[in-house]
Amino acid sequence: MKLWGGRFSGQTDEYANKFHSSIAFDKRLYKHDINGSMAYAEMLGRQGIIKNEEAALIIKNLQEILCDIEKGTLEIDPAAEDIHTFVESQLVTRIGDAGKRLHTGRSRNDQVALDMRMYVKEEIDGICALIVRLLEALLEAAKNSTDVIMPGFTHLQKAQPVTLAHHILAYFEMFRRDYERLRGCRKRTDVMPLGSGALASTSYPLDRQFLKERLGFADITANSLDAVSDRDFCIEFVSCLSLVMMHLSRFCEELILWSTDAFAFIEISDCYATGSSIMPQKKNPDMAELIRGKTGRVYGSLAGLLTMMKGLPLSYNKDMQEDKEAVFDAADTVKMSLSVFCGMFQTLEFNIKRMYESALGGYTNATDAADWLVKKGLTFREAHEIAGKLVLYAIKKNVRLEELTLQELKKESELFDDTFYEAVSVEKCIEVRALPGGPSPAAMAQAIKDAQKYLENIR
Ligand code: ARG
């Protein structure tokens, strides 16, 4: 069935028909579409635009269509133009004329805007729940690793010692921001567009407030032209998802590095690794690599959406049908990635000894050597120079700074004494970084408390 046959005398070319059909992907909106239509029918009845009995009949049959689809007894026709057409034609098949009144004062343009907003809101809720799960896992791991010392890196070169808890809580912050961003996006998505018609609203006395309430929206859209041509919420959603993927991808990159023989900081569980068809010894971090790879796919969706929208004159244009696959794919990808990542993270084992030993190398205490000299009265620049010379000397000798004798130290500065050795131990280096946001046990205890409180508030 076509919803627009009257004006046409010729048939749509068969291939063009397939080309413009969106049923293959928008069929997943059946539930949102039907729920939207049930509320719409109820409102039409209440407003006396259709008879109450007709409204009731429509609602009953829409409910049955929904059940039939869900049970699998009604197959969504792959030849339909889109999900809106399919549902409406089913309704007309079942109840005839009453079904033909459902679309009074409505356009597929405001209908699809509604469906997409309902879908995005639902996806945001699901994704936020997954993020909360991950935040919980991160916090748990952080609590268990406040005394696990590891090297912190800049330029992927060992820089200064930190703790594993500090490192993990860095990701907690990233995913916390992701959560907040998605909540913000949800607020802007939570606006009900029905009543905008095709573009210029409608002359029927629709009750938009009723629709808003019935469909669980916070507000109604303010401008009908904007309402049918706005896909900001889709773009913002996929943009939020891109950041989620970017954060997952960075973490994955670290897990990949950490699981190498060179780092050996972690062992990924067998449940989240794969082998090689030729090299019997291999254990590959495929899941982490795939998440990293799929990040590109989500960015692609974002770039696609932005580009699709950039040249569109007001208001609705068919280009906008292209929003769906991008949004659906991004949401699916993020959900899978978050789930897999969470499982992988919760089952991996940290090689604490190896992390500690790694923190001892690479002169990660050189800053603290300089800071010690500053306490003895030197300017930081003078102290930096001396510490640098000591590092150079120690590299040549292939020893750590704290393995240099007092005599060797004194060659660079007379200020050195025995207290130097304790001051540059990795434990001390961490303990003295006690500012809010730093790795010291005291600062970490506070950070963990704050994180805990945050989770309690959003749960
Ligand atoms: N399948 C269409 C979409 O996703 C529904 C809206 C069609 N509206 C129209 N005027 N052709 O955008």
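Turning to the pairing of strand β1 (residues 149–154), a few remarks are in order. If a strand is regular, its side chains alternate between the two faces of the sheet. As paired elements, β1 and strand β2 (residues 157–163) share six bridges and run antiparallel to each other. Following the sheet pairing, Met150 is matched in β2 by Val162. Here β1 hands over to β2 after two residues, with His155 in that stretch at a positive phi of 55°.

Once that is clear, we can look at the side chain of Ser315. Along the chain, the position of Ser315 falls in the loop between α12 (286–309) and α13 (323–347). Other than its neighbours up to four places away in sequence, Ser315 contacts Ala198, Leu199, Leu225, Val228, Ser229 and Met320.

This brings us to the site of the ligand. The ligand sits among Ser22, Asp26, Asp82, His84, Arg108, Asn109, Val112, Tyr316, Gln321 and Lys324. Here Ser22 contributes a side-chain N or O atom positioned 3.2 Å from a nitrogen atom of the ligand. Contact distances for the ligand include 2.8 Å between a nitrogen atom and a side-chain N or O atom of Gln321. In isolation the ligand exposes 340 Å². Once the protein is present, 87% of that is buried. Taken together, the residues that form the shell around the ligand break down as two nonpolar, four polar and four charged.

A few words on the pattern of salt bridges. For the structure on display, the rule yields 36 salt bridges. One salt bridge in this structure joins Arg231 and Asp323, with 2.8 Å as the shortest N-O distance. One end of the pair, Arg231, is in the loop between α10 (224–229) and α11 (232–258); the other, Asp323, is in helix α13, with 92 residues separating them in the sequence. As far as burial versus exposure is concerned, Arg231 and Asp323 are alike and both buried. We note a salt bridge from Lys389 to Glu385, for which the minimum N-O separation is 3.5 Å. Residue Lys389 and its partner Glu385 are both found in helix α16 (residues 380–397); the two are separated by four residues, about one turn of the helix. If you follow the salt bridges from partner to partner, you end up with Lys121, Asp125, Arg183, Arg186 and Asp190 in one network.

The next subject is a nonpolar patch on the surface. A contiguous nonpolar surface patch, about 270 Å² in accessible area, is contributed by Leu199, Leu225 and Leu314. Looking at where Leu225 falls in the secondary structure, it is placed in helix α10.

Our next topic: the packing of α11 against α13. Orientation of α11 relative to α13, taken along the N-to-C sense of each, is 30°, at an axis distance of 10 Å. It follows that α11 is roughly parallel to α13 by the angle criterion. For the crossing formed where α11 meets α13, the hand is left-handed. Across the interface between the two elements, Cys234, Phe237, Val238, Leu241, Val244, Met245, Leu248, Phe251, Cys252 and Leu255 of α11 pack against Asp323, Val327, Ala330, Ala331, Thr333, Val334, Ser337, Leu338, Phe341, Met344 and Phe345 of α13.

What follows covers the packing of aromatic side chains. Each aromatic ring pair is characterised by the separation of its centres together with the angle its planes make. Taken as a whole and assessed by the stated rule, the structure comprises 15 aromatic pairs. Taken together, a centroid distance of 4.8 Å and an interplanar angle of 70° make the contact between Tyr119 and Phe328 edge-to-face. Residue Tyr119 is located in helix α7 (residues 108–143), and its partner Phe328 is located in helix α13; the two are separated by 209 residues in the primary sequence. Relative to Tyr421, the ring of Phe420 has its centre 5.7 Å away and its plane inclined at 80°; by these criteria the two rings are edge-to-face.

Remark: α7 packs on helix α8 (residues 164–189), axes separated minimally by 9 Å, with the N-to-C direction vectors making an angle of 165°. Here α7 is positioned roughly antiparallel relative to α8, judged by the angle of their axes. Crossing handedness for the pair α7 and α8: left-handed. Within the contact of α7 with α8, the residues separate by chemical class into 21 nonpolar, one polar and eight charged.

A separate point is the nonpolar core. Among the nonpolar cores identified, the biggest contains 113 residues, and Leu182, Phe237 and Phe341 are the most heavily contacted of them. Residues Trp372, Ala383, Ile386 and Leu390 belong to the second largest nonpolar core, which totals 20 residues.

Quick notes on the rules
Residues numbered from 1 in each chain as written. Predicted model: local features only at pLDDT ≥ 70, side-chain atom pairs only at ≥ 80, totals over all residues. Heavy atoms only, no water. Pairing = 2+ DSSP bridges. Helix = DSSP H or I, 4+ residues; strand = E, 2+ residues; numbered from the N terminus. Contact = heavy atoms within 4.5 Å. Near = heavy atom within 4 Å. Polar contact = N/O pair within 3.5 Å; in protein donor to acceptor, adjacent residues only side chain to side chain. Areas by Shrake-Rupley, 256 points an atom, 1.4 Å probe, with all protein chains shown as cover. Nonpolar A, V, L, I, M, F, W, Y, C, P; charged D, E, K, R; others polar. Salt bridge = Lys/Arg side-chain N within 4 Å of Asp/Glu carboxyl O. Buried < 20%, exposed > 50% of the residue type's maximum accessible area, 1.4 Å probe, protein only. Patch = residues over 30% accessible without salt bridge, like charges linked within 9 Å, V, L, I, M, F, W, Y side chains within 5 Å. Axes fitted to C-alpha atoms, helices over the stretch in contact; angles between N-to-C directions. Parallel < 35°, antiparallel > 145°, perpendicular 65-115°, else oblique. Left-handed = near helix turned anticlockwise from the far one by under 90°. Phe/Tyr/Trp six-rings, centres within 6.5 Å; stacked < 30°, edge-to-face > 60°. Core = buried A, V, L, I, M, F, W, Y, C linked by side-chain atoms within 4.5 Å.

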